[in-house]
Amino acid sequence: QKEVEQDPGPLSVPEGAIVSLNCTYSNSAFQYFMWYRQYSRKGPELLMYTYSSGNKEDGRFTAQVDKSSKYISLFIRDSQPSDSATYLCAMSQNSGGSNYKLTFGKGTLLTVNP
Amino acid sequence: SQTIHQWPATLVQPVGSPLSLECTVEGTSNPNLYWYRQAAGRGLQLLFYSVGIGQISSEVPQNLSASRPQDRQFILSSKKLLLSDSGFYLCAWSDGQSEKLFFGSGTQLSVL
């Protein structure tokens, strides 16, 4: 079983739709969860950061973490063509010291059609 | 504010040629620095990380090496490139206090 599983898509939705992106993981020690957005030929950009279980909202974006199910989600409301990108989930456990390593999903390619 | 610079954006190199990719971070001191490679369909692969000058840890044995000659400078090198070294290379930094990782704009390397 892979440590982090993410459906690669592609996912195509009309403008204004609600988008749901998901990742599952197997390592119960993961405590920190992130979502990155990556436009084509660009570096990933940190979008959302959450610690442990719960929800976090930032504008049109909501991140959810369910540690009991080892499942994280990113919801995008009122999706826009500018949201078209690859979305990567990432997570880590506190490995101690000053070094932190992230485990990434392979990314989901999202296209929002005008 | 902190910024990360990575260059060049695109590079085409023949097999067997050397490689040097440079990354610098501004606006912070003593960052943790990382080199990742992203291949199509394979996700992000951590290659090297550094917690201080001259301190390099390798995650994957390969044809590449990394160096950190200055606090905010990280260099990825190879003496002889292989076809399999092609990919999108990303430099990243973190402040060592949280798990948040910040990426550069990447270098698309094609080895022909």
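Quick caveat, the model's predicted, so the values are computed rather than measured.

Participant: Mind laying out the pattern of salt bridges, listing which residues take part and the relevant values?
Facilitator: Pairing between side chains of opposite charge can happen when the charged atoms of each approach one another. Residues and elements named next belong to chain A. Scanning all chains against the criterion turns up six salt bridges over all chains. One salt bridge connects Glu45 with Arg37, and the closest N-O pair in it is separated by 3.1 Å. For Glu45, a relative accessible area of 35% gives the class partly exposed. Residue Glu57 pairs with Arg77 through a salt bridge whose shortest N-O separation is 3.4 Å. Within this pair, whereas Glu57 is found in strand 6 (residues 54-58), its partner Arg77 is found in the loop between strand 8 (71-76) and strand 9 (85-92), the two being separated by 20 residues in sequence.

Participant: Explain the sheet that holds strand 7 (residues 61-66) of chain A to me, and be specific about the residues and the numbers.
Facilitator: Residue and element names in this part refer to chain A. Read across the sheet, five strands follow the order 1-3-8-7-6 without closing on themselves; strand pairing throughout is antiparallel. Among the strands making up the open sheet, the edge pair consists of strand 1 (4-6) and strand 6. Going across the sheet, the axis of each strand differs from the next one's by a mean of 15 degrees, ignoring polarity.

Participant: Describe the interface of chain A and chain B, naming the residues involved and giving the relevant values.
Facilitator: By convention, interface size is frequently given as the accessible area that disappears when the constituent parts associate. With 19 residues of chain A at the contact, the number on the chain B side is 24 residues. Overall, the association of chain A and chain B removes approximately 1,800 Å² of surface from exposure, summing both partners, and the carbon and sulfur fraction of that is 57%. Where chain A touches chain B, the interface holds one salt bridge. Here Lys101 of chain A makes a salt bridge to Glu59 of chain B, at a shortest N to O gap of 3.1 Å. Our count for the chain A to chain B interface comes out at four residue pairs in polar contact (both at pLDDT 80 or more). Within the residue set of the side of chain A that touches chain B, elements represented by two or more residues are strand 4 (32-38), strand 5 (45-51) and strand 9 of chain A. The element best represented in the side of chain A that touches chain B is strand 4 of chain A, accounting for four residues. Residues that form the side of chain A that touches chain B fall into these classes: ten nonpolar, five polar and four charged.

Participant: Which residues make up the state of the cysteines, and what are the values?
Facilitator: Residue and element names in this part refer to chain A. Counted under the stated rule, the structure contains two disulfides over all chains. Cys23 shares a disulfide with Cys89; S-S distance 2.0 Å. Its S-S torsion of about -100 degrees marks the bond between Cys23 and Cys89 as left-handed, since a negative value means left-handed. In this pair, Cys23 is assigned in strand 3 (residues 19-25) and Cys89 in strand 9, connecting sequence segments 66 residues apart. Judged by its relative accessible area of 0%, Cys89 is buried.

Each value, and the rule that gives it
Residues numbered from 1 in each chain as written. Chains lettered and ligands numbered in written order. Predicted model: local features only at pLDDT ≥ 70, side-chain atom pairs only at ≥ 80, totals over all residues. Heavy atoms only, no water. Salt bridge = Lys/Arg side-chain N within 4 Å of Asp/Glu carboxyl O. Buried < 20%, exposed > 50% of the residue type's maximum accessible area, 1.4 Å probe, protein only. Helix = DSSP H or I, 4+ residues; strand = E, 2+ residues; numbered from the N terminus. Pairing = 2+ DSSP bridges. Axes fitted to C-alpha atoms, helices over the stretch in contact; angles between N-to-C directions. Contact = heavy atoms within 4.5 Å. Buried area = accessible area lost by both parts, 1.4 Å probe. Polar contact = N/O pair within 3.5 Å; in protein donor to acceptor, adjacent residues only side chain to side chain. Nonpolar A, V, L, I, M, F, W, Y, C, P; charged D, E, K, R; others polar. Disulfide = S-S within 2.5 Å.

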